[in-house]
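Here's the letter readout for the chains.
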Amino acid sequence: MTMLKKTRRYFLLILGLILVAGNVFNVSADNNINSLAKAAHLKKIPKLASDSAIIMDAKSGAILFAKKPDKKQFPASITKVMTALLVLEKINDNCDGGIICSKNAIMSIERGSSHIGIVPNEELEMRDALNAMLLNSANEVSNALAEYVSGDLDEFAELMTERAKELGCENTHFVNANGLHNEKHYTTAKDMALILKEAMKHSLFREIVGTVRSYVPKTNLTDEKRYLQNSNKMIRKGTPYYYEKCTGGKTGFTKKAKHTLVNTANDGNLYLISAALNSKERSDKWEDTKKMFDFCFKNFRNENLKEDEKEKNFAKLKELKTGESSLIAENAVLSYVEDEPTVTLPDGVEIDDLNLTAKIESDDNNGRLLRLIYTYNDFVAGECYVNETSAEDELVYSNFKDSSKKAKSFGISGIIIVTVASLVILASIFTFIMIRRKRMSDRFLSKFRGDRKSLDISLFDRK
């Protein structure tokens, strides 16, 4: 055997041993750091059955754990999260009014797919339509809502894809509003998490996906109630997958997509967004999501940057350089844009351990807008925005604000005080005038009476 053949055999043997070791110790073929859990070298990272999965924090945007987050998958009915988002953005969360379900919306769904038996020209109140779509995954209602928004199913699908790109989705393309299978209808675990994160900003969406049971009342064409039950078992007490901290999500299934699930949970500190795609068994999506939730609640925490903005965070920002000069002027005034700028920290990691970088998003006469990026071992732990203004601008603004505050605090009590004071002054002036007039009158009468007495005496004396 030649030396070349021996070398090749040894190489293949070593390669095989590496692959076996990778499987034994659960080492992913993708060794890139794709989550904060890997960046922090956390132990006991959950092993998932779902082909793709992710979990991120809604406040910081940090990806805490991920498995093939950018792999394209078929979403099935979790597509309806995007449909709901576009509807809520159109109606501005106002459920007044309703929709009319067209024949095209009803007849264009596959026979045997999920529906609630809507008939052509049936009218639904907006909230009832959203309930039917998100709780019972009614495909014909999804189409009717799409027509309500765009007037055309194809145009609505284009709007879905466009909105996904605006949210930062890089591997998503929608061709329908309901998630029925199409080879050109795909997304990723990461993209679906971003879409759910945006949808959860709407109070009406949060309320509906957190509802266990509801019903569609009688309509213009149906005399019976249609009862609805949320397919998300993680919010339903009594099921083996009930999770107390779960706040709602959406399920999906087709033969090609297999089982899919997006979900949310919070403990008052972490606000988690999860996605599990291409789960072969129905139970996999529930068990994988529960594993991810448990792992993150145990190993991560959120820290509010605003609580220490004056001492540490802004001082650290002012240390940043652009070339040889400071990024931030010495006399600059900084303020967070978000109410709760947040970073997510693994156990044992503090804010001081994070690396801070900043990017200038805009620069005009009103100041600069900076995007701050906090990383740990080169992985993002959180992002937020900061306004930078000069001290002079801030002084003018502060004086204006103080003046406005004083004027505002003057309020009704100030008006009452001024009114009472004015009345007292007027009363005093009136009293002074009356007393003055009385004195003048008394002097005149006194003089007149004195003169009359003298006159009387003189007349008497003359006699």
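Above this note sits the structure.
Keep in mind that this is a model prediction, so the values were computed, not measured.

Trainee: Report on the packing of helix α6 (residues 139-150) against helix α7 (residues 153-166), specifying residues and quantitative values.
Mentor: It is at 8 Å that the axes of α6 and α7 come closest, and there the two elements cross at 80 degrees. Between α6 and α7, the interaxial angle falls into the category roughly perpendicular. The residues of α7 that touch α6, namely those facing Asn143, Ala146, Glu147, Val149 and Ser150, are Leu153, Glu155, Phe156 and Leu159. Tallied by class, the residues present in the contact of α6 with α7 amount to five nonpolar, two polar and two charged.

Trainee: Please set out a nonpolar patch on the surface residue by residue, giving values where relevant.
Mentor: A contiguous nonpolar surface patch, about 290 Å² in accessible area, is contributed by Ile425, Leu426 and Ile429. Among the secondary structure elements, Leu426 is positioned in helix α12 (residues 391-462).

Trainee: Lay out the side chain of His259 with the relevant residues and their values.
Mentor: As for its placement among the helices and strands, His259 is situated in strand β8 (residues 258-266). A relative accessible area of 7% means that His259 is categorised as buried. A polar contact of 3.4 Å, which involves the side chain of His259, links it to the backbone nitrogen of Arg282. With near-sequence residues (within four places) excluded, His259 lies in contact with Gly252, Phe253, Ala276, Leu277, Asn278, Ser279, Lys280, Glu281, Arg282 and Lys285.

Trainee: Residue-level account of α7, with values.
Mentor: Taking 1.5 Å per residue, 14 residues should reach 20 Å; α7 reaches 20 Å between its end C-alpha atoms and fits that length. Three or more residues of α7 are buried, namely Leu153, Phe156, Ala157, Met160, Thr161, Arg163 and Ala164. Buried positions in α7, seen along its axis, are confined to an arc of 165 degrees and lie on one side of it. Facing away from the buried side of α7, by more than 90 degrees, are the exposed residues Asp154, Glu158, Lys165 and Glu166. In this structure, the buried side of α7 is in contact with α3 (80-91), α4 (103-107), α6 and α8 (189-199). Where α7 begins, the side chain of Asp152 points an oxygen toward the backbone nitrogen of Asp154, at a separation of 3.0 Å. Phi for Gly168, located one or two positions after α7, is positive at around 100 degrees.

Trainee: Tell me what's going on with the sheet that holds strand β16 (residues 367-376), and back it up with residues and numbers.
Mentor: In space, the four strands of this open sheet follow the order β13-β17-β16-β15, with antiparallel pairing throughout. Of all the strands in the sheet, just β13 (333-336) and β15 (355-364) have a single pairing partner and so form its edges. Taken over all neighbouring pairs, the strand axes of this sheet differ in orientation by 30 degrees on average, direction set aside. In terms of strand pairing, β16 meets strand β17 (residues 379-389) through nine bridges, oriented antiparallel. Bridge pairing in β17 places Leu372 opposite Cys384.

Basis of the calculations
Residues numbered from 1 in each chain as written. Predicted model: local features only at pLDDT ≥ 70, side-chain atom pairs only at ≥ 80, totals over all residues. Heavy atoms only, no water. Axes fitted to C-alpha atoms, helices over the stretch in contact; angles between N-to-C directions. Helix = DSSP H or I, 4+ residues; strand = E, 2+ residues; numbered from the N terminus. Parallel < 35°, antiparallel > 145°, perpendicular 65-115°, else oblique. Contact = heavy atoms within 4.5 Å. Nonpolar A, V, L, I, M, F, W, Y, C, P; charged D, E, K, R; others polar. Patch = residues over 30% accessible without salt bridge, like charges linked within 9 Å, V, L, I, M, F, W, Y side chains within 5 Å. Areas by Shrake-Rupley, 256 points an atom, 1.4 Å probe, with all protein chains shown as cover. Salt bridge = Lys/Arg side-chain N within 4 Å of Asp/Glu carboxyl O. Buried < 20%, exposed > 50% of the residue type's maximum accessible area, 1.4 Å probe, protein only. Polar contact = N/O pair within 3.5 Å; in protein donor to acceptor, adjacent residues only side chain to side chain. Expected span 1.5 Å × (residues − 1). Arc of directions from axis to C-beta. Pairing = 2+ DSSP bridges.

As far as function goes, none of this settles anything; it's purely spatial.
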